[in-house]
Amino acid sequence: GAVVSQHPSRVICKSGTSVKIECRSLDFQATTMFWYRQFPKQSLMLMATSNEGSKATYEQGVEKDKFLINHASLTLSTLTVTSAHPEDSSFYICSARGGTSGSSSYEQYFGPGTRLTVT
Amino acid sequence: GDSVTQMEGPVTLSEEACLTINCTYTATGYPSLFWYVQYPGEGLQLLLKATKADDKGSNKGFEATYRKETTSFHLEKGSVQVSDSAVYFCALRGTGRRALTFGSGTRLQVQP
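Conventions used here
Residues numbered from 1 in each chain as written. Chains lettered and ligands numbered in written order. Predicted model: local features only at pLDDT ≥ 70, side-chain atom pairs only at ≥ 80, totals over all residues. Heavy atoms only, no water. pLDDT = per-residue confidence, 0-100. Contact = heavy atoms within 4.5 Å. Buried area = accessible area lost by both parts, 1.4 Å probe. Salt bridge = Lys/Arg side-chain N within 4 Å of Asp/Glu carboxyl O. Polar contact = N/O pair within 3.5 Å; in protein donor to acceptor, adjacent residues only side chain to side chain. Helix = DSSP H or I, 4+ residues; strand = E, 2+ residues; numbered from the N terminus. Nonpolar A, V, L, I, M, F, W, Y, C, P; charged D, E, K, R; others polar. Phe/Tyr/Trp six-rings, centres within 6.5 Å; stacked < 30°, edge-to-face > 60°. Buried < 20%, exposed > 50% of the residue type's maximum accessible area, 1.4 Å probe, protein only. Disulfide = S-S within 2.5 Å.

**Brief notes about the confidence of the model for chain A**
In this model, chain A carries an average pLDDT of 89, and 92% of its residues clear a pLDDT of 70 or more. Segment residues 100-104 of chain A is flagged for pLDDT under 50; beyond a separation of four residues in sequence, or across chains, it makes three contacts in the model.

Here's what the structure looks like:
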């Protein structure tokens, strides 16, 4: 089946530094990738949607200058948390959407998530 | 906007017990409905889905029926196993939307 990987799985960084999280679709081409954020015991909150080669579309309330998303290829998207602060500590999950051409029900596949802790 | 509400957990059951996890939604138009499962240390996996009213999604003994009149998509299984222990997320994709809207997740713990 389709596999989405994320790296790193866990990262601890100091306040003020930047952290990059990679999301890769391993065996399919992802026309669209999504980045979610999950707080403890809460649902996944969509941060942004990106298509390969174009700028990401951010959800209301998400700072685009703080959460930089690059979707450089059909198999790779990166999320960079710039000038991280403790309130950015969270679980970040990426998702890639791909399927057979012409399908109206492209499946969405999820990475295992990245736990970010900012000290 | 779209929203999904599901019962809080954890839900603790003995093996072979019946399971129901409630899920209700708010959305305009005709959303597609999904249940995802997340096993420890793994990413979310699609468990089942339904794309129109009265459709029943099923997989691995789990079932859920798209009830438009009650805006619900409850997850059911007649006999749970220890291996079913995981977090279950109800989700919807609104009409014309690419992204999913998730419920808060329900942790299921099945004891031998």
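There is more to say after this.
**Considerations on the interface of chain A and chain B**
With 22 residues of chain A at the contact, the number on the chain B side is 17 residues. If you sort the residues of chain A by the area they bury against chain B, L44(A), E107(A) and F110(A) come out on top, with a joint share of 29%. Across the chain A-chain B interface, the total number found is zero salt bridges. Our count for the contact surface shared by chain A and chain B stands at three residue pairs in polar contact (both at pLDDT 80 or more). Those elements that place two or more of their residues in the side of chain A that touches chain B are β4 (32-38), β5 (44-51), β9 (90-98) and β10 (107-110) of chain A. Among the residues forming the side of chain A that touches chain B, the class breakdown is nine nonpolar, nine polar and four charged.

**Describing the packing of aromatic side chains**
For the structure shown, the criterion picks out twelve aromatic pairs over all chains. With centroids separated by 6.0 Å and ring planes inclined at 40 degrees, the aromatic side chains of Y36(A) and F110(A) adopt a geometry described as tilted. Taken as a pair, Y36(A) in strand β4 and F110(A) in strand β10 lie far apart in primary sequence, 74 residues in all. An identical accessibility class is assigned to Y36(A) and F110(A); each is buried. Measuring from centroid to centroid gives 5.6 Å for F62(B) and Y88(B), while their planes differ by 40 degrees, and the two rings are tilted. Taken together, the residues F62(B) in strand β8 (residues 62-65) and Y88(B) in strand β10 (residues 86-93) connect sequence positions 26 residues apart. Neither residue differs from the other here; F62(B) and Y88(B) are each classed as buried. Aromatic ring contacts, followed pair by pair, group F34(A), Y36(A), F110(A), F34(B), Y36(B), F89(B) and F102(B) into a single cluster.

**Concerning the state of the cysteines**
Counting across every chain of the model gives two disulfides over all chains. Note on cysteine connectivity: C23(A) is disulfide-linked to C94(A), with sulfurs 2.0 Å apart. Given an S-S torsion of about 75 degrees, the disulfide between C23(A) and C94(A) has right-handed geometry. One end of the pair, C23(A), is in strand β3 (residues 19-25); the other, C94(A), is in strand β9, with 71 residues separating them in the sequence. Residue C94(A) is classed as buried on the basis of its relative accessible area of 0%. Between the sulfur atoms of C23(B) and its disulfide mate C90(B) the distance is 1.9 Å.

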